[in-house]
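Next come the chains, spelled out residue by residue.
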Amino acid sequence: MRCPYCGCENTQVKDSRPSEDNSAIRRRRSCSDCGGRFTTFERIQLRELTVHKRSGRRVPFDRDKLVRSVQVAMRKRPVEPERLERMVSGIVRQLENAGESEVSASTIGNMVMDGLKALDDVAYVRFASVYKDFREARDFEELLGELSNSEEINPEDAIQSARSRNTSETS
Ligand SMILES: [Zn+2]
C-alpha cells in the first residue's frame, strides 16, 4: 500500500483487527520512509454483482451509492451513522449469501425499506417515497398506516418532504 504522505511503497501493517460489526478489517499502517501513519479498511467487494434497474439498465452494485441514498433519507434524523453502516453491511451480506450474479433494484429497495422500518420511521417514509415514486397523497396514507408509530409523523410533513425529494435520484 502506497504511503499517502510521501508516495513511497514501503509501508508496514502495525495492527489489524475486525471492525465493530465484523464486516471489515481495519489496518493501522505506517510508512518506513517518512513515518506517516494511516488506516485502511478491507471490505468484501461485490464486484460481480449487477443491479438490474427498472429502466432495464444494468449497473455494477455500488455500496457507496447505496449508503448515499440511505443517508439522504436519514438526513437530520437522530440515528447514529454506525447503525446505518451496520444496516447497509447487513444488506450486502444478504446479497452475498444469496449468491446471485444479478439482483433487481427493487429487491435492494425492499431490503433498505425493511432495514429503515426498524431504524427510523421518518427515514423509512422518505426513502419509500423516492423509491416507490409515489404521486398520490393516498399512497402515503396507506404507507403511514403500515407504520406502528405512525402517530409520531405528521402526514402533511411527510408528503411535503417527500414531494421535495421526488426529484432526487431513485435507484
Ligand atoms: Zn511515507
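> Looking at this model, I keep getting lost on the coordination of the zinc ion. Mind explaining?
Angles at a metal have ideal values that depend on geometry: 109.5 degrees with four tetrahedral donors, 90 or 180 degrees with six octahedral donors. Taken together, the protein ligands of the zinc ion are C3 (SG), C6 (SG), C31 (SG) and C34 (SG), with distances of 2.3 to 2.4 Å. Metal-centred angles of 106 to 115° between the four donor atoms at the zinc ion mark the site as tetrahedral. Read N to C, the donor residues that coordinate the zinc ion are spaced as C-x2-C-x24-C-x2-C. With C3 in the segment before β1 (11-18) and C34 in the loop between β2 (24-31) and β3 (37-43), the pair connects residues that are 31 residues apart, well separated along the chain.

> How should I be thinking about the sheet that holds β1 in this particular structure?
Think of a sheet as strands paired side by side through backbone hydrogen bonds, with each pair either parallel or antiparallel. One open sheet holds the three strands; their spatial order is β1-β2-β3, and the pairing between them is antiparallel. A single partner strand is all that each edge strand has here, and the edge strands are β1 and β3. Here the average twist between neighbouring strands, direction ignored, is 25°. The sheet contact formed by β2 and β3 spans seven bridges and is antiparallel. By the bridge assignment, R27 is partnered in β3 with T40.

Cut-offs and rules
The residue count restarts for each chain, going from 1 along the sequence in the order it is written. Per-residue local features of the predicted model are confined to residues with pLDDT of at least 70, and side-chain atom pairs are confined, for both listing and counting, to 80 or more; whole-chain, interface and lining totals are unaffected and use all residues. Excluding hydrogens and water, the side-chain values take into account all heavy atoms of the structure. Coordinating donors are taken as N, O and S atoms within 2.8 Å of the metal, stretched to 3.2 Å for Na, K and Ca; because water is absent from the atoms, sites can appear incomplete. For a four-donor site, all angles between 85 and 135 degrees give tetrahedral; for four or six donors, opposite pairs above 155 degrees with the remaining angles between 65 and 115 give square planar or octahedral; all remaining cases count as irregular. Put simply, DSSP marks the helices as runs of H or I at least four residues long and the strands as runs of E at least two long, and each gets a number from the N terminus on. A pair of strands is considered paired only if DSSP assigns at least 2 bridges between the two. An axis is simply a line fitted to the C-alpha atoms; with a helix, the fit covers only the stretch in contact. Between two such axes, the angle follows the N-to-C directions and lies from 0 to 180 degrees.

No statement about biological role is implied by the geometric values presented.
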